[in-house]
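Chain by chain, the residues:
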Amino acid sequence: MKKLLIIPCLLLGMLSQAQQLAPLTVEKIMRDPKWMGTSPENYQWSADSKTLFFDWNPENKAQSSTYKLSIASGQLSKSSPEELRKSIAPNYVYNKNKSLALFEKGGDIFLKDLKTDQERRLTQTIERESGARFLADNRVVYQQGDNLFSIDLAHAQLSQLTHFIRKKEEKPLAKTKASEQDTWLQAQQLELFDVLKNKPANKARSFAWRNFGTKEKSLKPIYIGDERMSGWSISPDGQYINYVLVKAAEQNKGTIIPNYLSRSGYTEDIAGRTKVGENPRHYRSFMLHVGTDSVFEIDIKQIPGIKDIPEYVKDYPKQLAELQKENKNRLVQLGVVNWSETGQYAILVARAQDNKDFWILQLDPANGQLSLIDRQHDEAWIGGPGIGREPRWIDQQRFYFQSEATGYSHLYTYNMQSREKKQLTSGNWEVQSVQLAKDKKSFYLSGNKSHPGITHFYKIDVNGGSLQQLTQMKGGNEVLLSPDEKWLAINYSYINQPWELYLQANKAGAKAKQITQSSSKEFSSYAWQEPDMVSFKNRYGDDIYARVYPAKKQLASKPAVVFVHGAGYLQNVHFWWSQYFREYMFHNLLADKGYTVIDIDYTASSGYGRKHRTGIYRHMGGKDLSDQVDGAAYLVKQYGVNPKNIGIYGGSYGGFITLMALFKEGDTFKSGAALRSVTDWAHYNQGYTANILNEPTKDPEAYKRSSPIYFANGLKGNLLMCHGMVDVNVHFQDIVRLSQRLIELGKDNWELAVYPVEDHGFTTASSWTDEYKRILKLFEHTLNN
C-alpha cells in the first residue's frame with residue numbers, strides 16, 4: 001500500500017513546485033504574459049444598468065470569453081456575444097426631448113421611438129450613411145459620401161442639402177498572379193520559421209467606389225477638387241452648414257522599411273511614415289447658407305496672434321528678418337462649428353500647426369466674424385491632459401473645457417451671455433478626464449489630487465465648490481460610470497497587483513467590492529516587491545519622483561541600475577500596476593541578484609504639470625538626462641551603491657536617454673542597454689518631434705544638441721543596442737546610421753542585436769527573452785565585479 005502512495009505524493013510535489021516561481025529567471029518572466037493570469041478588460045454596461053459585461057480569461061485559454069456581472073444578485077457568469085449585443089445600447093443620438101434616437105447599423109441609419117421601443121430603418125443603400133443627428137424640428141441630417149441629406153420624418157421626404165463635386169477616383173491596379181516560384185518560396189518560409197506560422201497573412205481590402213445617382217438640380221454645385229472633407233456641422237434650425245476641407249500635403253517622402261522575413265520569401269517593402277519637417281496639410285473652413293445657397297470661407301486673419309513669430313526664431317536673425325518681412329499668417333487647423341442647443345451661439349476651435357496656440361472662438365454664421373473667447377499660448381507647445389479637446393455644452397449658454405493656464409490642467413466653464421470664465425478646480429495636480437452628469441448639475445472627473453501617482457474619481461458641482469472623492473483605494477482607479485449613474489465599475493490595481501474589477505455604489509465612503517481574481521497561482525507564489533516611493537531634488541531644485549527597488553542582499557560590488565521609461569511624456573512612478581510589467585519583474589530579478597534599481601519620472605514625464613512637461617523644450621537629453629545622473633547620485637547617498645558600478649537601460653525614449661548617458665555621462669554610467677532607440681531626432685516623426693524641437697530646417701541647433709549621433713565619440717563604457725528590423729515607429733535605419741558612425745569613430749566597446757520579425761513593441765516571447773538575457777549578461781559582466 002505504501003508503494004501506491006508514492007506516485008500521488010510525487011505528483012503533488014511536482015505540481016507544487018511548478019506553481020513556485022522563485023527563483024526568477026529571464027526565461028520565466030518573459031514568457032507569453034498569459035502565464036501571469038489575464039486581467040479583465042473592455043467593460044461595458046447594459047443599457048438598463050443591471051448588468052456589467054467584460055472580457056476575461058480566468059481559465060487561461062487561447063482566447064478570452066465574455067462575462068457578465070448581475071448587479072442585483074452579484075452573480076458572475078459567462079455570457080455570449082449575442083447577449084452582449086442585445087444588452088448594450090447603440091451609440092444613440094437623441095432629439096431635444098429624448099423621445100427619439102438615431103443610431104447607425106451596418107452603414108445605414110435607424111430611428112428608435114423611445115416611448116414605444118419601436119425601431120425603423122431610415123436608409124438602405126450600398127453607400128454608408130454616417131453622422132446622423134436631429135435638427136430642432138426633428139428633421140434628420142446625415143452624411144453620405146461627400147454630401148449631406150435630410151429626412152423630414154413628418155412628411156417622409158428626403159432632401160439633398162449639398163452638392164459637392166470632387167475628382168474621380170483612380171481604379172486600383174490589377175493584381176498579378178503568384179508564380180510557381182513565389183508559391184514555393186512562401187511554403188519554404190512557413191516551413192523554416194515558427195514565428196510566421198502563427199502570423200496571419202495580410203488580406204487585401206477592396207473598396208467599391210460608387211457615385212450617388214440622385215441630384216437635385218436646384219442645388220448649386222460646389223467643386224472641392226482634391227480636397228477632402230474632414231468634418232461638418234449644421235445649425236439646429238438647418239439654415240447653416242459648416243464644413244472643413246483639408247488639402248493633403250504634397251511632395252512628402254515616406255521611409256521604406258524592408259521586411260526580410262516575409263511569408264513570400266522575398267524581401268518586401270513596408271511603406272513607412274515621413275520624417276519631421278514634412279510639408280503640412282492645409283485646412284479651410286466654410287459656411288454654407290442653405291436658404292440662399294451661398295458660401296463663404298472663414299477668414300483666419302481675424303484670429304488674434306495669427307501672425308506671431310515664435311520666440312525661438314530670435315536665435316536665427318536671418319530667419320527672423322525673413323519672417324518679419326513676409327508677415328504671413330501661421331498655418332492653423334480648424335475644427336467644425338459647435339452649436340449650442342438652440343443655435344443661438346456658435347463656437348469653434350483652432351490650433352496653430354506649430355502647436356504653440358489653441359483658440360476657442362465665437363462665430364457669427366451670417367458673416368463669418370470671429371471673436372476671441374480663450375487663447376491658450378505656450379512658447380514650448382500646447383499639451384497636458386484634456387487640453388485641446390472640443391469644448392462641450394452644459395446648457396444653452398455655458399460650455400466647459402480644460403486649460404493649463406495655472407501650470408496644471410484644470411476644469412473651466414464659460415458663460416456666453418455674461419462672458420465669465422470660471423475655474424472650477426485648482427492646485428498642483430491635474431484633471432485627467434471629465435464627464436458631465438446626466439442631470440447637468442455636476443461633473444465627474446478623475447485626477448491625481450492626493451499624489452501624482454494616485455488617481456481617484458471625484459464629483460463637483462457644475463457651478464464649482466469642493467471636490468467629493470468617490471473612490472477610496474490607494475492606487476489606480478479607472479472608473480466606468482453606469483448609465484443610471486448609480487454604480488462605479490472600477491478597474492483597479494496596485495503597484496504589485498495587476499488590474500482587477502471592483503464594483504462600488506456611486507456614493508462617497510462606499511466600499512468597493514472585488515469581483516474578479518485573475519493572477520495565476522504561479523505569479524502569486526512570488527513576493528513581488530513594493531518598491532520604495534521616493535522623491536529627490538534635481539540640480540535645478542525640482543521635485544523628481546522615483547521608484548527604488550533595494551537589493552535583497554547587496555553584492556560586494558554594490559551595483560545599481562537606472563531604468564528609463566519610454567515615450568518621454570509618460571508616467572511610471574505610480575501606485576498602480578505598470579504597463580512596463582516585464583521591466584517591473586526584471587527589476588525584481590535584479591534586486592534578488594543584489595542590484596539596486598531606480599525608475600525615475602524624469603523631466604518631461606506626465607502627471608506633474610506644465611513646467612515638468614515642457615522642461616525639455618529645444619533640448620532633449622538636457623534635464624531629462626541630468627535627472628538620471630542626479631538619481632544615480634541619490635542611490636549612492638541614500639542606498640550606498642558603488643558610484644563606479646552603475647548601469648542604465650531603457651527602450652524607445654528610454655533607449656535614446658541611454659545613448660546620451662553613455663555618450664555624455666560616461667563617468668557616471670559604466671554600461672547601458674539602449675533598446676529601439678531614437679538616434680537622430682531629425683529622422684523621427686512630425687507630430688511628436690516638432691512640438692519639442694520645432695523643425696530641423698528652422699531650429700537646427702535644437703536637433704544637434706538633442707541627437708545622440710552627434711555625441712557618439714564620447715562613448716566610454718560598454719553599450720548594447722537592440723532593435724527590431726521592421727520597426728515602423730523608430731526605424732531600423734536609425735540604429736544602422738549610428739552603427740556606421742561608431743564604426744567610423746573606431747569604437748569597439750559596443751554591440752548590436754537585431755530582431756528580424758519585431759516592430760517597435762516586441763510581440764514574441766523568444767525575442768523578449770533573448771533581449772533581456774543580453775541585458776542581464778551586460779550588467780553581470782560589467783557591474784558585478
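Residues numbered from 1 in each chain as written. Predicted model: local features only at pLDDT ≥ 70, side-chain atom pairs only at ≥ 80, totals over all residues. Heavy atoms only, no water.

Novice: Teacher, can you tell me more about the layout of surface pockets here?
Specialist: The method is simple in principle: a probe with the dimensions of a water molecule rolls over the atoms, and the space it marks as empty is what remains. Of the volumes computed, that of the second largest pocket is approximately 1200 Å³. Taken together, 37 residues line the second largest pocket, and the ones lying closest to its centre are Leu331, Gln353, Asp354, Glu695 and Lys698. A total of 4 residues in the lining of the second largest pocket trace back to one element, the largest contributor, which is helix α12 (residues 686-693). For the lining of the second largest pocket, the residue count by class is 11 nonpolar, 14 polar and 12 charged. (1 Å grid on protein atoms, 1.4 Å probe; cavity = no way out; pocket = protein on both sides within 12 Å on 5 of 7 lines; lining within 4 Å. Points joined across faces, edges and corners; volume = space filled by probe spheres on them. Helix = DSSP H or I, 4+ residues; strand = E, 2+ residues; numbered from the N terminus. Nonpolar A, V, L, I, M, F, W, Y, C, P; charged D, E, K, R; others polar.)

Novice: Explanation requested: the packing of aromatic side chains in the structure shown.
Specialist: Aromatic rings considered in pairs are described by the distance between their centres and by the relative angle of their planes. Applying the stated criterion across every chain, the model contains 45 aromatic pairs. Seen in terms of ring centroids, phenylalanine 523 and tryptophan 577 are 5.9 Å apart; in terms of plane orientation they differ by 85°. Their pairing is edge-to-face. One end of the pair, phenylalanine 523, is in helix α7 (residues 521-524); the other, tryptophan 577, is in the loop between β40 (560-564) and α8 (581-593), and 54 residues separate them in sequence. The residues phenylalanine 523 and tryptophan 577 share a single accessibility class, namely buried. Chaining the aromatic ring pairs together yields one cluster made of Phe563, Tyr580, Phe586, Tyr649, Tyr755, Phe762, Trp768, Tyr772 and Phe779. A cation over an aromatic ring shows up here: arginine 613 above the ring of tryptophan 381, its NZ or CZ 5.3 Å from the ring centre. Across from the ring centre of phenylalanine 762, 5.6 Å away, lies the NZ or CZ of arginine 676, which sits over that ring. (Phe/Tyr/Trp six-rings, centres within 6.5 Å; stacked < 30°, edge-to-face > 60°. Buried < 20%, exposed > 50% of the residue type's maximum accessible area, 1.4 Å probe, protein only. Lys NZ or Arg CZ within 6 Å of the ring centre and 35° of its normal.)

Novice: Please clarify how helix α15 (residues 765-782) should be interpreted in this entry.
Specialist: Because an α-helix packs 3.6 residues into every turn, residues spaced three or four apart end up facing the same way. Counted at 1.5 Å a residue, the expected span for α15 with its 18 residues is 26 Å, and the 26 Å between its end C-alpha atoms agrees. Within α15, the full set of buried residues consists of Ser767, Trp768, Thr769, Glu771, Tyr772, Ile775, Leu776, Leu778, Phe779 and Thr782. (Expected span 1.5 Å × (residues − 1).)

Novice: Got a minute to help me understand the side chain of serine 578 in this structure?
Specialist: Position of serine 578 relative to the elements: it lies in the loop between β40 and α8. One polar contact links the side chain of serine 578 to the main-chain amide nitrogen of tyrosine 580, over a distance of 2.8 Å. Beyond its immediate sequence surroundings of up to four residues, serine 578 is in contact with Arg547 and Asn572. (Polar contact = N/O pair within 3.5 Å; in protein donor to acceptor, adjacent residues only side chain to side chain. Contact = heavy atoms within 4.5 Å.)

It is worth stressing that arrangement in space is one thing and function is another; only the former is reported here.
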